Amino acid sequence: MRGVEIQAFSDEHVDAAAGLLKARHAAHLDAEPLLPANVDYRAEVEALWKGEAVSGVVATRGGEVVGYLLGVRRDDAIWGPNIWVELAGHAAIEPEIVRDLYGAASADWVEAGRHRHYALVPATDKPLVDAWFRLSFGAQQAMAIQETPEAPDSLPSEIDVRRAGPADLEAAMTLGGVLPEHQEQSPVFAGYLTQTDEEERAEVAEELADPEVATFIAEREGRPLGLLIIAPADKSPTHAGLARPERAALLGFAATIPEARGSGAGLALTAAGLVWARENGHPIVVVDWRETNLLASRFWPARGFRRTFLRLYRSIP
């Protein structure tokens, strides 16, 4: 971009980057006031910059920092040879500058063999999303938010929902496999890190025993139809920082068996989760879904959830 110079990010750029992030988030707050307002922007940028395996660039114009971009690496065993532009990982005074920043930073990433690139971008900033789309990124995941409703929708009387406990381990194990199986199919084609049966069983048992985690099972005539898990959002590494409002609850898992879809089981589970959030002092609820999961990408917005961030993805051959 004319008049813009790109150079390596360094300690001296942290304050300017924090100012750019503050301006970006202020615009985001105007569009979605439920997002956290009390953010330490310098701490958010510095946490990324001082982390392991980070690289980054800044854009300057006339000596003034007008954009920055930081890329970090997550576990290759889960994400492949990856680079992430995290929630606080980029901001610029003009969206077009982000394309120059990525153009400079990604050369080193690809040369190092890191060809899976992820970027977390405010969903309400259409010009910024468009700038990333014109870098061949697409929408992979959405994060969303809503106020906890005062009362649930009316529910089908034939669906029963109850809080699960340690005695429901086998049912929870079976229902917990429904979502991964669905997302391995078209058009999601998601891969999952394989766990042993013992590891998965221990994880589910821990959730069922945790008093802060609410697991609900939907049944009809005693037959399990679906599962929903909700917990304080501070248990989530995904909904953190700029995406974690104070006292928010996270709908961390929800699935119904294929033959029960459309029966109202999902609605009943969601209502139970929202009632739990209200009763346990969570005025806000967050959730996320794969955009290629056709069912989830339609179900959650229809329940009143508004997209806050998009996880964009690009794979370079």
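Presented here is an overview of the structure given in this document. (Residues numbered from 1 in each chain as written. Predicted model: local features only at pLDDT ≥ 70, side-chain atom pairs only at ≥ 80, totals over all residues. Heavy atoms only, no water.)

For the rest of this paragraph, the subject is the overall build of the protein chain. Check the secondary structure of the protein chain and you find ten helices and 13 strands. Taken over the C-alpha trace, the protein chain has a radius of gyration of 21 Å; the compact-globule value for 317 residues is 20 Å, and the two agree within 12%. Summarising its shape, the C-alpha atoms of the protein chain cover approximately 70 × 40 × 30 Å along the three principal directions. In the protein chain, buried positions account for 48% of the 317 residues. Here the contacts in the protein chain between residues at least 6 apart in sequence split such that 74% fall between residues at least 24 apart. Here the protein chain has roughly 15100 Å² of accessible surface; of this, 50% comes from carbon and sulfur atoms. Taken as two groups, the 30 positive and 47 negative side-chain charges of the protein chain have centres that lie 5 Å from each other. (Helix = DSSP H or I, 4+ residues; strand = E, 2+ residues; numbered from the N terminus. Rg over C-alpha atoms; globule rule 2.2 N^0.38 Å. Buried < 20%, exposed > 50% of the residue type's maximum accessible area, 1.4 Å probe, protein only. Contact = heavy atoms within 4.5 Å. Areas by Shrake-Rupley, 256 points an atom, 1.4 Å probe, with all protein chains shown as cover. Lys, Arg positive; Asp, Glu negative; His and termini not counted. Charge placed at Lys NZ, Arg CZ, Asp CG, Glu CD.)

It is worth spelling out the nonpolar core at this point. Core analysis: the biggest nonpolar cluster contains 65 residues, and L69, W132 and I230 have the highest contact counts within it. Among the elements that make up this core, the one with the highest residue count is helix α9 (residues 265-279) (seven residues). Other than its neighbours up to four places away in sequence, W132 contacts L69, V85, H90, V98, Y102, A119, V121, F137 and L312. The next biggest cluster of nonpolar side chains, apart from the first, holds 29 residues, and it includes W79, L87, Y118 and F309. (Core = buried A, V, L, I, M, F, W, Y, C linked by side-chain atoms within 4.5 Å.)

Let us look at the pairing of strand β7 (residues 138-147). Counting buried residues along β7, seven of its ten residues qualify, which places the element largely inside the surrounding structure. Judged from the seven bridges that link them, β7 and strand β12 (residues 284-290) form a sheet pairing that is antiparallel. In the strand pairing of β12, A144 is matched with V287. (Pairing = 2+ DSSP bridges.)

Attention now goes to unusual backbone geometry. Between S186 and the following residue, P187, the backbone shows a cis peptide bond with an omega angle of 0°. For P187, the location among the structural elements is in the loop between α7 (178-183) and α8 (197-209). In this structure, A53 takes a positive phi of about 55° despite not being glycine. The class of A53 is partly exposed, set by a relative accessible area of 31%. Of note in this structure, R247 is not a glycine but carries a positive phi near 65°.

Over its 15 residues, α9 extends 21 Å from the first C-alpha to the last, a length consistent with the 21 Å expected when each residue adds 1.5 Å. If you check which residues of α9 are buried, you get A265, A268, L269, T270, A271, A272, G273, L274, W276 and A277. For α9, the secondary structure elements touched by its buried residues are β8 (160-163), β9 (214-220), β10 (223-232), β11 (248-256), β12 and α10 (294-302). G281, located one to two residues past α9, shows a positive phi value of around 80°. (Expected span 1.5 Å × (residues − 1).)

A few words on a negative patch on the surface. On the surface, a cluster of negative charge is contributed by D197, E198, E199, E203 and E206. Following the sequence through the fold, E199 ends up in helix α8. (Patch = residues over 30% accessible without salt bridge, like charges linked within 9 Å, V, L, I, M, F, W, Y side chains within 5 Å. Salt bridge = Lys/Arg side-chain N within 4 Å of Asp/Glu carboxyl O.)

Counting through the fold element by element, I159 comes out in the loop between β7 and β8. Spatially, the C-alpha atom of I159 lies 9.3 Å from that of L269, the residues being 110 residues apart in sequence. Those residues within four positions of I159 in sequence are excluded, and the remaining contacts are A218, E219, R220, L225, S263, G264, A265 and A268.

Residues of helix α2 (residues 41-49) that are buried: Y41, V45, L48 and W49. For α2, the angular spread of buried residues about the axis comes to 100°, placing them on one side. Looking at the packing, one finds that the buried side of α2 touches α1 (14-31), β2 (54-61) and β3 (64-72). (Arc of directions from axis to C-beta.)

This part takes up the environment of A254. The residue A254 is located in strand β11 in this model. Its relative accessible area of 28% is what places A254 among the partly exposed residues. Separated by 39 residues in sequence, A254 and T215 have C-alpha atoms that sit 9.7 Å apart. Residues within four places of A254 in sequence aside, it is in contact with L179, L227, L228 and W300.

The subject of this paragraph is the packing of α1 against α2. Axis separation between α1 and α2 bottoms out at 8 Å; the angle between their running directions is 120°. In terms of orientation, α1 and α2 fall into the oblique class. Crossing geometry of α1 relative to α2 is assigned as right-handed. Taking contact as the criterion, the partners of V14, D15, A17, A18, L21, K22 and H25 in α1 are, on α2, Y41, R42, E44, V45, E46 and W49. Its residues placed into classes, the contact of α1 with α2 shows seven nonpolar, one polar and five charged. (Axes fitted to C-alpha atoms, helices over the stretch in contact; angles between N-to-C directions. Parallel < 35°, antiparallel > 145°, perpendicular 65-115°, else oblique. Left-handed = near helix turned anticlockwise from the far one by under 90°. Nonpolar A, V, L, I, M, F, W, Y, C, P; charged D, E, K, R; others polar.)

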